[in-house]
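# Structural overview for review
Chain by chain, the residues run as shown.
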Amino acid sequence: MGWIGGVVAWFQDPANWQGPNGIPQRLLEHVGVSAAALGIACLIGIPIGLWLGHVHRGGGLAVGVSNVGRAVPTFAVLVILVLAPEPFGLSTVSIITALVLFALPPILTNTYLGVNEVDPAAVDAARGMGMNGPQVLAKVELPMATSLLMGGVRLAAVQVIATATIAALVAGGGLGAIITNGFGTQDQAEVVAGAFCVCVLALSIEGVMALLQRRLDPLRVVRAR
Amino acid sequence: MIGRALIGGHAQTVADDCLVRNAWVCPEYVRTRADELTAATVEHLRITIISVIIGALLALPLALVARRIHRLRATILGTATAIYTIPSLALFSLLLPFTGLTETTVIVGLVLYSLTVLVRAVLAGLDGVPEEVRGAGRGMGYSPNGLLWRVEMPLALPVLIGGLRIATVSTVALTTIGTIVGSGGLGDLIQTGLQSNFKAQVLTASVLCVVIALVLDVVLLGTQRFLMPWRRGGVA
């Protein structure tokens, strides 16, 4: 168990808390690309999912995209993008593109399922009250789908944090870079310390997203009864 | 090929040589490196299959315990969610002090991931068995064990195999990250391809990963059809 002492010492070393390879800088890079990618994926995935669910079409596509996403290794996509010509190559564009590609399927699938499975009786009642399509979507379907939709965003956030870690294998930054640096210099303490940082970040994000999923659900009062 | 081009002046041959052009798609690469590709594919399959089988063997008793002892259910499911949240690169790295730069590190990590999916699948499958069916089984004189294996498990099979398919397909993809400890199967070829900017190697290994995942998925679906002849022709 001597390795634990090494990891503690690594965290106590002030040098690891400053500079381009310090924890704060790496954390900032990690959260930065992840937030950008998650935002872009939401902007693309939620409207498409809402529309497909609203018109009850393209279910095979919306669900199938998740199954395909699972079968494609994130590492392979990152490497292919890095070796691809401009505007890809060894750049932030490649990394964010890969993150968006893997964040999209859960968002699209869950948004679609959330809207598609809204009780038809509720939709009929809204139409009977004189609501048009967009009103039904905004006032009935979206609120009832919010929990499932946010579940998708939560899955996507976990996926994005994980993929951003792997990006370090293809020379990206982020907390994963602490791990790959450690492997490069055969410094086990640094590897484990980096992994520990990644775990803390991933679990915190998952916790925040779980909270958001509950807080944003307009039906939480109804569900609680 | 290059030699022939220089001697005979067949410039056309060089232009067609995908290895020289560093093309993404290159049959010449697949032909000349078939041994290397086969070895990596076999290693990839071995790591995946061992991990999922161990995961399934551990998931079953864990799920049964979670079902019996209500207080443990939340703990087991919570732990599963936490493990699922940890990125693969970090999980393999955390195992480093225990199992070192070995294939074991990759397998232990992948077992943990498949466990999280499979425990959920077993619980969901058993929860989905209608109470009337259970009552009928008891009425026919099944012991709790007989009820589990003769009535509940067969009815839970579609959900179980569904979980097994998800676990298998994601394990195939995650195995590539094993390259960080030097045992990533096809992931090792992707990694060396990246370092030497060898596009054909990267794309071929990537495509093989997806093909392995799809083939194993179809095999599991076929197994389900075979094990449940009464559902054949119906909705899978």
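Everything here concerns the structure above.
Residues numbered from 1 in each chain as written. Chains lettered and ligands numbered in written order. Predicted model: local features only at pLDDT ≥ 70, side-chain atom pairs only at ≥ 80, totals over all residues.

## Focus on the overall build of chain B
When helices and strands are counted, chain B shows 12 helices and 0 strands. Put simply, chain B runs from its N terminus to its C terminus through helices and strands in the order α-α-α-α-α-α-α-α-α-α-α-α. The C-alpha atoms of chain B give a radius of gyration of 23 Å, which is well past the 18 Å a tight globule of 236 residues would have. With the principal axes as the frame, chain B shows a C-alpha extent of 85 × 50 × 20 Å. For chain B, restricting intrachain contacts to residue pairs at least 6 apart in sequence, the fraction spanning at least 24 positions comes to 68%. (Helix = DSSP H or I, 4+ residues; strand = E, 2+ residues; numbered from the N terminus. Rg over C-alpha atoms; globule rule 2.2 N^0.38 Å. Contact = placed C-beta atoms within 7 Å.)

## Here's the deal with the overall build of chain A
Helix and strand counts for chain A come out as 10 helices and 0 strands. Seen in sequence order, chain A has helices and strands lined up from the N terminus as α-α-α-α-α-α-α-α-α-α. Across its three principal axes, chain A shows a C-alpha extent of roughly 70 × 45 × 25 Å. Residue burial in chain A is summarised as follows: out of 225 residues, 48% are buried. For chain A, restricting intrachain contacts to residue pairs at least 6 apart in sequence, the fraction spanning at least 24 positions comes to 73%. (Buried ≥ 20, exposed ≤ 12 C-beta atoms within 10 Å, placed from the backbone.)

## Points about the interface of chain A and chain B
Size of an interface: often given as the accessible area lost when the parts come together. Taken residue by residue, the interface counts 31 residues in chain A and 31 residues in chain B. When residues of the side of chain A that touches chain B are traced back to their parent elements, those giving at least two are helix 3 (59-71), helix 4 (74-83), helix 7 (133-166), helix 8 (176-184) and helix 9 (188-216) of chain A. Here the element with the most residues in the side of chain A that touches chain B is helix 9 of chain A; it accounts for 10 residues. A per-class count over the side of chain A that touches chain B returns 25 nonpolar, 4 polar and 2 charged. (Nonpolar A, V, L, I, M, F, W, Y, C, P; charged D, E, K, R; others polar.)

## Re the packing of helix 10 (residues 144-175) of chain B against helix 12 (residues 199-227) of chain B
Helix packing geometry: the angle between the two helix axes and the distance between the axes. All names here are of chain B. One way to put it is that helix 10 packs onto helix 12 with a least axis distance of 9 Å and a crossing angle of 165°. With respect to each other, helix 10 and helix 12 are oriented roughly antiparallel. Crossing of helix 10 over helix 12 shows right-handed handedness. Of the residues in helix 12, those touching helix 10 at Leu157, Pro158, Ile161, Leu164, Arg165, Thr168, Val169, Val172 and Ala173 are Cys209, Ile212, Ala213, Leu216, Asp217, Leu220, Leu221, Thr223, Gln224 and Leu227. Tallied by class, the residues present in the contact of helix 10 with helix 12 amount to 14 nonpolar, 3 polar and 2 charged. (Axes fitted to C-alpha atoms, helices over the stretch in contact; angles between N-to-C directions. Parallel < 35°, antiparallel > 145°, perpendicular 65-115°, else oblique. Left-handed = near helix turned anticlockwise from the far one by under 90°.)

## Details of the packing of helix 11 (residues 186-195) of chain B against helix 12 of chain B
Residues and elements named next belong to chain B. Direction vectors running N to C along helix 11 and helix 12 enclose 160°, while the axes themselves pass 8 Å from each other. When the interaxial angle is binned, helix 11 and helix 12 end up roughly antiparallel. Between helix 11 and helix 12 lies a crossing of left-handed hand. The residues of helix 12 that touch helix 11, namely those facing Leu186, Leu189, Ile190, Gly193 and Leu194, are Gln201, Val202, Ala205, Ser206, Leu208 and Cys209. Split by residue class, the contact of helix 11 with helix 12 holds 8 nonpolar, 3 polar and no charged.

## Focus: the nonpolar core
Ranked by size, the top nonpolar core spans 129 residues in total, and within it A:Leu78, A:Val79, A:Leu99, A:Ala103 and B:Leu118 carry the most contacts. No other element matches helix 7 of chain A, which puts 19 residues into this core. Those residues within four positions of A:Leu99 in sequence are excluded, and the remaining contacts are A:Val33, A:Ser34, A:Ala37, A:Val160, A:Thr163 and A:Ala164. (Core = buried A, V, L, I, M, F, W, Y, C linked by C-beta atoms within 7 Å.)

## So, the environment of A:Glu86
Residues and elements named next belong to chain A. Residue placement: Glu86 occurs in the loop between helix 4 and helix 5 (92-116). Classification of Glu86 as exposed rests on a count of 7 C-beta atoms within 10 Å. Once the C-alpha coordinates of Glu86 and Gly130 are considered, the two residues, 44 residues apart in sequence, prove to be 51 Å apart.

## Here we look at helix 8 of chain A
A large share of helix 8 of chain A lies buried, amounting to 7 of its 9 residues. Tucked into the core, helix 8 of chain A has its buried residues touching helix 2 (23-54), helix 7 and helix 9 of chain A together with helix 7 (88-99) of chain B. Following helix 8 of chain A by one or two positions, A:Gln186 adopts a phi angle in the positive range, close to 50°.

## What to know about the environment of A:Ser34
All names here are of chain A. Mapping Ser34 onto the fold places it in helix 2. Ser34 sits in the buried class, given 25 other C-beta atoms within 10 Å. Sequence-wise, Ser34 and Ala167 are 133 residues apart; in three dimensions their C-alpha atoms are separated by 11 Å.

## Concerning unusual backbone geometry
Peptide bonds are, in most cases, trans, and in most cases residues other than glycine have a negative phi. Going from A:Glu86 to A:Pro87, the amide bond is cis rather than trans, its omega being 5°. Position of A:Pro87 among the secondary structure elements: in the loop between helix 4 and helix 5. Even without glycine at this site, B:Asn22 takes up a positive phi of about 55°. Position of B:Asn22 relative to the elements: it lies in the loop between helix 3 (18-21) and helix 4 (27-32). Phi at B:Asn197 takes a positive value of approximately 55°, unusual for a residue other than glycine. With respect to the helices and strands, B:Asn197 occurs in the loop between helix 11 and helix 12. Assessed through the 11 C-beta atoms surrounding it within 10 Å, B:Asn197 is described here as exposed.

## Focus on the environment of A:Ile179
Take A:Ile179: it is sitting in helix 8. Owing to 31 C-beta atoms within 10 Å, A:Ile179 belongs among the buried residues under this scheme. Every residue in contact with A:Ile179, bar those within four places of it in the chain, is listed here: A:Ala168, A:Val191, A:Gly194, A:Ala195, B:Leu89, B:Ala90 and B:Ser93.

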